[in-house]
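Tertiary structure, described
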Amino acid sequence: MTHSLPRPACGDDDTEVLVLPNGVRILAVRPSHLASTNVSIYVRTGSRHESARLNGISHVVEHMAFKGTATRDCQQINLEAELLGAEVNAHTDKDHTAYHMRGLARDAATFVRMLGDIVRHGSFPEAELERERQVILQEFIEDEDDALSTAFKLFDEASFGKHALAQPVIGRRRNIERFSRDELTGYVARQYTGSNLIVAVSGPVDLRAVTREVEAVFGDMPAGTPNTVGAPSWVGGVKSKRQAGSSQTHLVAGFPLPDRFDPLAATGVMAAAVLGEGMSSPLLDRVRERLGLVYYAGCSADQSDLAGQFVLEASTTAEHLEACQDEIVTLLQAQAERVSDTDLLRARNQIAVRAVRQREGAQHRLETAALDLFALGRVRSGAEWLAALEAVDTDAVRDCTRRMLAAPAAVAITGKVPAGTRERTEERMQRLRSTVTG
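Reference entry: report on the structure contained in this document. (Residues numbered from 1 in each chain as written. Predicted model: local features only at pLDDT ≥ 70, side-chain atom pairs only at ≥ 80, totals over all residues. Heavy atoms only, no water.)

Observations concerning the sheet that holds strand β11 (residues 410-415)
- Spatial strand order, β7-β11-β8-β10-β9: 5 strands in an open sheet with mixed pairing. Edge positions in the open sheet fall to β7 (237-242) and β9 (294-303), since each of these has one partner strand only. Across the sheet, the mean angle separating the axes of adjacent strands is 10° when strand polarity is ignored.
- Where strand β8 (residues 249-257) meets β11, 6 bridges bridge the pair, whose relative direction is antiparallel. Counted as the bridge partner of Ala 253 is Val 411 from β11.
- Along the sheet, helix α5 (residues 147-160) makes contact with β7, β8, β10 (308-316) and β11, crossing β11 at roughly 155°.
- Of the strands in this sheet, β8 and β10 touch helix α15 (residues 394-405), which is tilted by about 105° from β8. (Pairing = 2+ DSSP bridges. Helix = DSSP H or I, 4+ residues; strand = E, 2+ residues; numbered from the N terminus. Axes fitted to C-alpha atoms, helices over the stretch in contact; angles between N-to-C directions. Contact = heavy atoms within 4.5 Å.)

Quick notes on the sheet that holds strand β2 (residues 25-29)
- Strands sit in the order β1-β2-β6-β3-β5-β4 across an open sheet of 6 strands; the sheet is mixed. Since the sheet does not close on itself, it has two edges, and those belong to β1 (15-19) and β4 (87-92), each with one partner. Pairs of neighbouring strands in the sheet enclose a mean axial angle of 15°, with direction left out of account.
- Here 5 bridges tie strand β3 (residues 36-43) to strand β6 (residues 197-202), and the two strands are oriented antiparallel to one another. By the bridge assignment for β6, Val 39 is matched with Val 201.

Points about the environment of Asp 145
- Examined against the element boundaries, Asp 145 turns out to sit in helix α4 (residues 126-145).
- Taking the C-alpha atoms as reference points, Asp 145 and Gly 245, 100 residues apart in sequence, are found 9.9 Å from one another.

Thoughts on the packing of helix α9 (residues 265-276) against α15
- Between α9 and α15, the least distance of the axes is 9 Å, while the angle of their chain directions is 90°. Overall, the two elements α9 and α15 adopt an arrangement that is roughly perpendicular. Here α9 contributes Thr 267, Gly 268, Met 270, Ala 271 and Val 274 to the contact with α15, which in turn contributes Ala 396, Val 397, Cys 400 and Thr 401.
- In terms of residue class, the contact of α9 with α15 is built from 6 nonpolar, 3 polar and no charged. (Parallel < 35°, antiparallel > 145°, perpendicular 65-115°, else oblique. Nonpolar A, V, L, I, M, F, W, Y, C, P; charged D, E, K, R; others polar.)

Topic: unusual backbone geometry
- A positive phi angle, near 45°, is found at Phe 124, a position not held by glycine.
- Within the secondary structure layout, Phe 124 lies in the loop between α3 (108-120) and α4.
- The exposure class of Phe 124 is buried, given its relative accessible area of 5%. (Buried < 20%, exposed > 50% of the residue type's maximum accessible area, 1.4 Å probe, protein only.)

Comments concerning the nonpolar core
- Grouped together as the largest cluster of nonpolar side chains are 52 residues, with contacts concentrated most on Ile 41, Val 61, Tyr 99, Leu 184, Leu 197, Val 214 and Phe 218.
- When residues of this core are assigned to their parent elements, the largest contribution, 7 residues, is made by α3.
- Counting 47 residues, the second-largest nonpolar core is a separate cluster that includes Val 238, Ala 271, Ala 273 and Val 294. (Core = buried A, V, L, I, M, F, W, Y, C linked by side-chain atoms within 4.5 Å.)

Digging into the pattern of salt bridges
- Applying the stated criterion across every chain yields a total of 33 salt bridges.
- Where Lys 67 meets Glu 132, a salt bridge forms, and the shortest distance between an N and an O atom there is 3.3 Å. Note that Lys 67 is positioned in the loop between α1 (57-64) and α2 (74-83) and Glu 132 in helix α4, a separation of 65 residues in sequence.
- On the basis of relative accessible area, Glu 132 is assigned to the buried category, the value being 10%.
- Residues Arg 380 and Asp 372 are paired through a salt bridge, measuring 3.4 Å at the closest nitrogen-oxygen approach. Taken individually, Arg 380 and Asp 372 each receive the classification buried, so the pair is uniform in this respect. (Salt bridge = Lys/Arg side-chain N within 4 Å of Asp/Glu carboxyl O.)

What follows is the structure, encoded as structure tokens:
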């Protein structure tokens, strides 16, 4: 019964977690301002859980989940959702796969039952698989033709080498062309287990009714064991790819940061925001506003529970690429020496406002809480994150910058790439590293 289920600690008063005996967790976030509900099933499996031979299978499973179950075909799945006025969606990431429905709060338990059917009882019809295979291949081609997307894939390879965290969510073309129904059903049987599944709901829902439905739908699911992956080592290096027909050059460069649960995680986020968040940041003010070297530039911290990346992006022209790199190197060296109080205040407030706005979005808040549960076994409060940010001072940002610059840079350059670019970039990044390591 509902009252007997274990309840892990939660940092916010409007958040509750219940755990079924087989490890399935029920996550409820019920802020007072919501009138609708989001119901999501999060499964702890994504591209980082795949072997090279299976890279891309999580994404294919997500597509195929809506193509039929033991009792409903794809037309029935779509119609039944739309009869309730519900929006249905799904996504695959490196660390999880998620299935969503959004609609009226009164229908939350029904959404659990409908999503549970596609997650647990997908039939993966052969004819539908062949049709969807062509759709996914078109998606693959579009992604492959996108120079910026290609740069990010190469950047991940430069960062983490052959570790599964570097694998693209979309997968490999030869895998997509080969995957069989048996491979899909086998993967689901191995990865979709109680200890790797969270049923998350937001809004003014009847939690008792939702819990009864979760118990009915998922209570007999095998518990399995958590789908964990070892942390990668940082590799570094420069990768480039010329793409015919591209008139722009895309640069993605970065350095290692702590993972998102490390005590120093907030320092990495602050270091990225100090350098390149907002038009008044040193990066955008210098390379875009004052010098006109790029039409887009930005800096961010990409942190998972396994690793973190300090990410610099710039979209420019081939003739401006090296000048852009020189300016970025100069800005990084400057941040390793000194951080101004003004830049720290700007960055801190930008991050705080962004965090508050994200928490106002039900879907983002559910996903953040679900990832906390998978990695930590608890949900962190918003105040906990803001307190960590508030504790970061200028010395911490400077020290963080110096630590990351002591590692080899990971760089990817795509689009219109001049001859000799990779070699000159390697020399430039080595000089940057030497300024820190001596």
